[in-house]
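Chains, contacts and geometry: an overview
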Amino acid sequence: QVYALGFKTNIDAESKLFYISENYYNSHKLVIRCINAMLNKKYNKFIFYVHNLGKYDVVFLYKILLTANSDNTTSPKYELKTTMRDDKIISLDIKINIKDSVTDKYNSVKITLVDSLNLLNNSLKKLAIDFNLDLKKGVFPYSFVNDNTLNYFGDKPSFVFYQNLISKEEYDKIKTNNWDLKENALFYLDTD
């Protein structure tokens, strides 16, 4: 299941973030909501870099877009074009034709998702260290998530939910709670 996703461009001041919630409890709808936000005229011909796209994210994205095409009988279909290397999708073009309400003409919007792992061959955590960034990749206790904890706010979960992800020393550096997060945030803990 996809719990959260988003994107950031050089023309936007803020990141666009999407979280699974009561309104979007369906993982497929969440992905479609994000992709549709990216398929905006202002992002036409943009390239979005997705780290490890070919080995992980594309499996979810491609399947969800194909399912949306087969389930959808009224809205425009997603036109998908892949670029492959060694049996992996390293690039995915997503195009849609949108009817302009003023001119009644169809305009196409296309975005491209590219696997940034081919450009920067390291984990995001390691890349932040290599480039001496103040940003760090957050740690997410995936096994903690269930129907009752999906929109959890409160104290950090027990180390049991992190023990295969980080050391006890790293766990001790995680914020003790997530009460200071945005109202619509899922559950995200970042190391200090």
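Everything that follows concerns the structure shown earlier in this document.
In this report, the structure presented in the accompanying data block is examined. (Residues numbered from 1 in each chain as written. Predicted model: local features only at pLDDT ≥ 70, side-chain atom pairs only at ≥ 80, totals over all residues. Heavy atoms only, no water.)

1. Looking at the packing of aromatic side chains
- All told, the structure shown has ten aromatic pairs when counted by the stated rule.
- With a centroid separation of 6.2 Å and 40° between ring planes, the pair formed by phenylalanine 46 and phenylalanine 48 is classed as tilted. For the pair phenylalanine 46 and phenylalanine 48, one class covers both residues: buried.
- These aromatic residues form a ring-pair network of at least three members: Phe7, Phe18, Tyr43, Phe46 and Phe48.
- One cation-aromatic arrangement involves lysine 156 over tyrosine 171; the distance from NZ or CZ to the ring centre is 4.1 Å.
- Note that lysine 168 overlies the ring of phenylalanine 159, its terminal NZ or CZ placed 5.9 Å from the centroid. (Phe/Tyr/Trp six-rings, centres within 6.5 Å; stacked < 30°, edge-to-face > 60°. Buried < 20%, exposed > 50% of the residue type's maximum accessible area, 1.4 Å probe, protein only. Lys NZ or Arg CZ within 6 Å of the ring centre and 35° of its normal.)

2. Considerations on the packing of helix H1 (residues 27-38) against helix H2 (residues 53-71)
- One way to put it is that H1 packs onto H2 with a least axis distance of 10 Å and a crossing angle of 90°. Relative to H2, H1 is oriented roughly perpendicular. Residues Ser27, His28, Val31, Ile32 and Ile35 of H1 form the contact with H2, whose participating residues are Leu61, Ile64, Leu65, Thr67 and Ala68.
- Across the contact of H1 with H2, the residue classes break down as seven nonpolar, three polar and no charged. (Axes fitted to C-alpha atoms, helices over the stretch in contact; angles between N-to-C directions. Helix = DSSP H or I, 4+ residues; strand = E, 2+ residues; numbered from the N terminus. Parallel < 35°, antiparallel > 145°, perpendicular 65-115°, else oblique. Contact = heavy atoms within 4.5 Å. Nonpolar A, V, L, I, M, F, W, Y, C, P; charged D, E, K, R; others polar.)

3. What to know about unusual backbone geometry
- Of note in the backbone geometry, aspartate 86 takes a positive phi value of approximately 50° without being a glycine.
- Within the secondary structure layout, aspartate 86 lies in the loop between strand E4 (79-85) and strand E5 (88-99).
- In this model, aspartate 104 sits at a positive phi of 65°, which is unusual for a non-glycine residue.
- Along the chain, aspartate 104 turns up in the loop between E5 and strand E6 (106-115).

4. Quick look at the sheet that holds strand E3 (residues 47-50)
- Strand order across the open sheet formed by four strands is E3-E6-E5-E4, with mixed pairing between neighbours. One side of each edge strand has no neighbouring strand; the edge strands of this open sheet are E3 and E4. In this sheet, neighbouring strand axes are inclined to one another by 20° on average, regardless of whether the strands run parallel or antiparallel.
- Contacting E3, E4, E5 and E6, H2 crosses the sheet at an angle of about 30° to E5. (Pairing = 2+ DSSP bridges.)

5. Quick look at a nonpolar patch on the surface
- Among the surface-exposed residues, Ile47, Tyr49, Leu119, Leu120, Phe131, Leu133 and Leu135 lie close enough to one another that they form a single nonpolar patch of about 760 Å² accessible area.
- Within the secondary structure layout, phenylalanine 131 lies in the loop between helix H3 (124-130) and helix H4 (168-173). (Patch = residues over 30% accessible without salt bridge, like charges linked within 9 Å, V, L, I, M, F, W, Y side chains within 5 Å. Areas by Shrake-Rupley, 256 points an atom, 1.4 Å probe, with all protein chains shown as cover. Salt bridge = Lys/Arg side-chain N within 4 Å of Asp/Glu carboxyl O.)

6. Concerning the pattern of salt bridges
- Under the defined criterion, the tally for this structure stands at five salt bridges.
- The partner of lysine 125 in a salt bridge is glutamate 170, with the nearest N and O atoms 2.8 Å apart. Of this pair, lysine 125 sits in helix H3 while glutamate 170 sits in helix H4, and the two are 45 residues apart along the sequence.
- A residue is classified by how much of its surface remains accessible, and glutamate 170, at 27% relative accessible area, is partly exposed.

7. Comments concerning the environment of asparagine 40
- Residue placement: asparagine 40 occurs in the loop between H1 and E3.
- Judged by relative accessible area, which is 33%, asparagine 40 ranks as partly exposed.
- Residues asparagine 40 and lysine 110, spaced 70 residues apart in sequence, show a C-alpha to C-alpha distance of 8.7 Å.

8. Some details on the nonpolar core
- Ranked by internal contacts, the top residues of the largest apolar core, which has 33 residues, are Tyr78, Ile94 and Leu113.
- At the level of secondary structure, the elements contributing two or more residues to this core comprise strand E1 (4-7), H1, E3, H2, E5 and E6.
- Beyond its immediate chain neighbours, meaning those up to four positions away, isoleucine 94 contacts Ile35, Leu39, Leu65, Tyr78, Glu79, Leu80, Val109, Lys110, Ile111 and Leu113. (Core = buried A, V, L, I, M, F, W, Y, C linked by side-chain atoms within 4.5 Å.)

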